[in-house]
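Here are the chains, one letter per residue:
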Amino acid sequence: MLKAATMATATISMDAGILQNVIRIFFIIIECVFYKINNFVFIFARLTVNLYFEVMRKFFLCCLTMAVMSLPLLADGPEIRITPRLEGNVSSAEGLSPDWNLGASSLYAFVDGDFSSHFSYTASLHLLSTQLRDLYNQKYPLVNCSWLDWAYVSYDGGFIGVDVGKICHNFGFFESDLDDVDCYSPMVSDTWTENCSYQYGATLRLNPWETQTFELQFTTSPFMKSIAENVWAYSLCWRGEMGVLSTKWSFSRQYAEEESEEGLLERNAYNYIGIDNKLTFDNFMYTLGFSNCGAAQIGDISCSEFVGRAKFIGSEKVNVEAMLSWKRLKDLCYGLSVEYFPLKDDSLRLFAAASNRHLHTDELPSAISNFMACLGVRYDLVLSFRKH
């Protein structure tokens with residue numbers, strides 16, 4: 001009798017516990033529905049982003065597949081350019097021993113092709129580098145140092161154009177329009193070095209006049225560490241071609257999730273301004289640019305950088321460029337580079353570059369001198385399947 005009563009009591013307690021859990025779950029659902037709808041919206045957005053990145057991760061393989069299939073079908077097949085680069089690099093900071101390494105030695109592959117007169121595709125693969133593990137250690141290659149620089153499909157309708165995929169973040173000087181394999185470490189600006197150029201997103205191009213282009217861009221944020229973060233970047237760029245004057249003016253707003261002093265995650269916004277102007281006269285080309293990177297307030301110029309360049313194209317064989325930059329109104333850098341093209345088709349390039357930077361820190365009373373130089377060679381092997 002006592003055993004039966006005990007069992008009955010246990011059964012009632014179990015039923016009460018189940019009922020209590022059901023009621024608790026019911027109220028949790030009610031609370032989520034009526035008071036936390038934004039959480040559902042965020043979860044849906046996160047799932048959408050996850051799916052987007054999963055698709056974009058395999059985008060380049062799709063481009064290759066489409067390029068191969070397009071050979072017998074499309075008006076023009078793809079053009080593939082294989083570019084190996086080998087260089088030696090030395091850097092020496094004041095008071096430290098020189099550091100010798102292979103610098104930006106790498107192997108690149110570029111694929112370009114057309115689906116039709118209005119649709120095209122392009123991709124850039126960073127196949128080998130001196131930091132090989134970092135290239136392929138990204139499940140979602142969100143940063144500069146990854147095996148996939150860019151891969152996107154373009155639509156060009158004359159007045160309007162669209163790029164969708166992994167694209168170059170539209171910010172900075174004219175140097176950001178160059179392929180990475182064409183840039184030399186001693187000669188690039190800090191704006192180029194410190195900013196992540198390649199992001200997933202889309203660009204809308206408007207061409208109201210033949211010499212003027214306006215570009216509106218929406219991409220993942222360079223501050224994004226994983227796809228779980230809901231942070232993005234927006235940019236607006238104006239490109240102009242007015243006789244000898246070319247312009248690239250841009251404004252970018254980038255968001256980041258950062259930990260506050262209280263240990264809570266907060267969403268911060270940073271402003272990036274880039275103004276670059278280029279003058280071209282026969283064999284001479286001059287550029288003068290200003291950038292302000294990562295300022296919380298637009299008027300804050302503590303992260304500003306002025307960069308001036310003068311390039312002389314002495315003949316079809318030799319290019320000489322001088323660079324002068326001034327960052328944070330106190331750090332000075334000056335450099336010189338030389339390029340030599342011994343072959344008629346310019347497929348082989350010999351290059352040398354050197355620069356000296358005077359950096360100021362709060363810990364030391366005087367500037368620190370940092371010297372860097374590189375010497376190398378690169379070659380372009382072009383495989384064209386175009387019919388025209």
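Predicted model only: the values in this text are computed from it and were never measured. (Residues numbered from 1 in each chain as written. Predicted model: local features only at pLDDT ≥ 70, side-chain atom pairs only at ≥ 80, totals over all residues. Heavy atoms only, no water.)

**Q** Mind showing me how you'd approach the nonpolar core here?
**A** Generally speaking, a soluble globular protein has its nonpolar side chains buried in company with each other. Counting residues in hydrophobic clusters, the biggest one holds nine residues: Phe173, Tyr184, Met187, Val307, Met323, Cys333, Phe351, Ala353 and Cys374. Sequence-distant contacts of Phe173, that is, excluding residues within four places in its chain, are made with Ser189, Thr191, Lys248, Ile275, Asp276, Gly289, Phe290, Ser291, Glu305 and Val307. Tyr108, Phe110, Trp150 and Tyr152 belong to the second largest nonpolar core, which has seven residues in total. (Core = buried A, V, L, I, M, F, W, Y, C linked by side-chain atoms within 4.5 Å. Buried < 20%, exposed > 50% of the residue type's maximum accessible area, 1.4 Å probe, protein only. Contact = heavy atoms within 4.5 Å.)

**Q** What am I meant to see in the pattern of salt bridges here?
**A** Opposite charge on two side chains permits them to pair, given that their charged atoms come into close proximity. Summed over the entire model, instances satisfying the criterion amount to 15 salt bridges. The salt bridge involving Arg81 is made with Asp179; its shortest N-O contact spans 3.2 Å. You can see Arg81 sitting in strand E1 (residues 79–93) and its partner Asp179 sitting in the loop between strand E6 (160–168) and helix H5 (190–194), a full 98 residues away along the chain. Both residues of the pair, Arg81 and Asp179, count as buried. For Glu339, the salt bridge identified is with Arg349, shortest N-O distance 3.4 Å. (Salt bridge = Lys/Arg side-chain N within 4 Å of Asp/Glu carboxyl O. Helix = DSSP H or I, 4+ residues; strand = E, 2+ residues; numbered from the N terminus.)

**Q** Any chance you could explain the pairing of strand E9 (residues 232–242) here in plain terms?
**A** It is a general feature of regular strands that their side chains alternate between the two faces of the sheet. Note: strand E8 (residues 212–220) against E9, nine bridges, orientation antiparallel. Among the inter-strand pairings, Glu215 is bridged to a residue of E9, identified as Cys237. Here E9 pairs with strand E10 (residues 245–259) via ten bridges, running antiparallel. The residue bridging Met242 from the neighbouring strand is Leu245, located in E10. The hairpin turn running from E9 into E10, its antiparallel successor, is two residues long, and Gly243 in that turn takes a positive phi close to 70 degrees. (Pairing = 2+ DSSP bridges.)

**Q** Could you clarify how one ought to interpret the environment of Arg349 in this entry?
**A** Mapped onto the elements of the fold, Arg349 is located in strand E16 (residues 348–359). The spacing of Arg349 and Gly376 is 27 residues in sequence and 8.5 Å in space, taken between C-alpha atoms. Those residues in contact with Arg349 that lie beyond four places of it in its chain are Asp182, Tyr184, Glu339, Tyr340, Phe341, Gly376, Val377 and Arg378. Looking at Arg349, its side chain comes within polar contact range of the side chain of Asp182, at 3.4 Å. (Polar contact = N/O pair within 3.5 Å; in protein donor to acceptor, adjacent residues only side chain to side chain.)

**Q** Before we go on, may I ask you to explain the layout of surface pockets in this structure?
**A** Think of a ball as big as a water molecule: rolled over the atoms, this probe shows where empty space is left. Here the largest pocket defines a volume of roughly 960 Å³. Elements with a contribution of two residues or more to the lining of the largest pocket: E1, strand E3 (106–114), strand E4 (119–129), H5, E16 and strand E17 (368–379). Per-class residue counts for the lining of the largest pocket are twelve nonpolar, 16 polar and five charged. Here the second largest pocket is characterised by a volume of approximately 530 Å³. Around the second largest pocket, the lining is made up of 23 residues, and of these Glu175, Leu178, Arg309, Lys311 and Glu321 lie nearest the centre. Elements with a contribution of two residues or more to the lining of the second largest pocket: strand E11 (265–281), strand E12 (284–295), strand E13 (304–313), strand E14 (318–327) and strand E15 (331–340). (1 Å grid on protein atoms, 1.4 Å probe; cavity = no way out; pocket = protein on both sides within 12 Å on 5 of 7 lines; lining within 4 Å. Points joined across faces, edges and corners; volume = space filled by probe spheres on them. Nonpolar A, V, L, I, M, F, W, Y, C, P; charged D, E, K, R; others polar.)

**Q** What am I meant to see in a nonpolar patch on the surface here?
**A** A cluster of nonpolar side chains, namely Phe159, Ile160, Leu204, Leu206, Trp209, Phe214, Leu216 and Leu236, defines an oily patch on the protein surface of about 740 Å² accessible area. For the nonpolar patch, the secondary structure elements donating two or more residues are strand E7 (198–209) and E8. Looking at which element gives the most residues to the nonpolar patch, the answer is E7, with three residues. By secondary structure assignment, the location of Leu206 is in strand E7. For Leu206, a relative accessible area of 31% translates into the label partly exposed. (Patch = residues over 30% accessible without salt bridge, like charges linked within 9 Å, V, L, I, M, F, W, Y side chains within 5 Å. Areas by Shrake-Rupley, 256 points an atom, 1.4 Å probe, with all protein chains shown as cover.)

**Q** How should the packing of aromatic side chains be read in this particular structure?
**A** Remark: the centre distance and the inter-plane angle together describe each pair of aromatic rings, the angle taken between the planes. Overall, the coordinates contain 15 aromatic pairs when judged by the stated rule. Ring centres of Phe284 and Phe312 lie 5.0 Å apart, and the angle between their planes is 40 degrees; this geometry places the pair in the tilted category. With Phe284 in strand E12 and Phe312 in strand E13, this pair connects stretches of sequence that are 28 residues apart. By relative accessible area, which is 39% here, Phe284 ends up partly exposed. The exposure class assigned to Phe312 is partly exposed, which follows from its relative accessible area of 35%. (Phe/Tyr/Trp six-rings, centres within 6.5 Å; stacked < 30°, edge-to-face > 60°.)

**Q** Mind showing me how you'd approach the pairing of E10 here?
**A** Pairing between E10 and E11: 15 bridges, direction antiparallel. Bridging across to E11, Glu257 finds its partner in Arg267.

**Q** Looking at this structure, I do not really get the environment of Leu245. What am I missing?
**A** Within the secondary structure, Leu245 sits in strand E10. You can call Leu245 partly exposed: its relative accessible area is 28%. On a C-alpha basis, the gap between Leu245 and Tyr286 in space is 9.7 Å, while along the polypeptide they are 41 residues apart. When sequence neighbours within four positions are dropped, the list of residues in contact with Leu245 reads Gly240, Asn277, Lys278 and Leu279.

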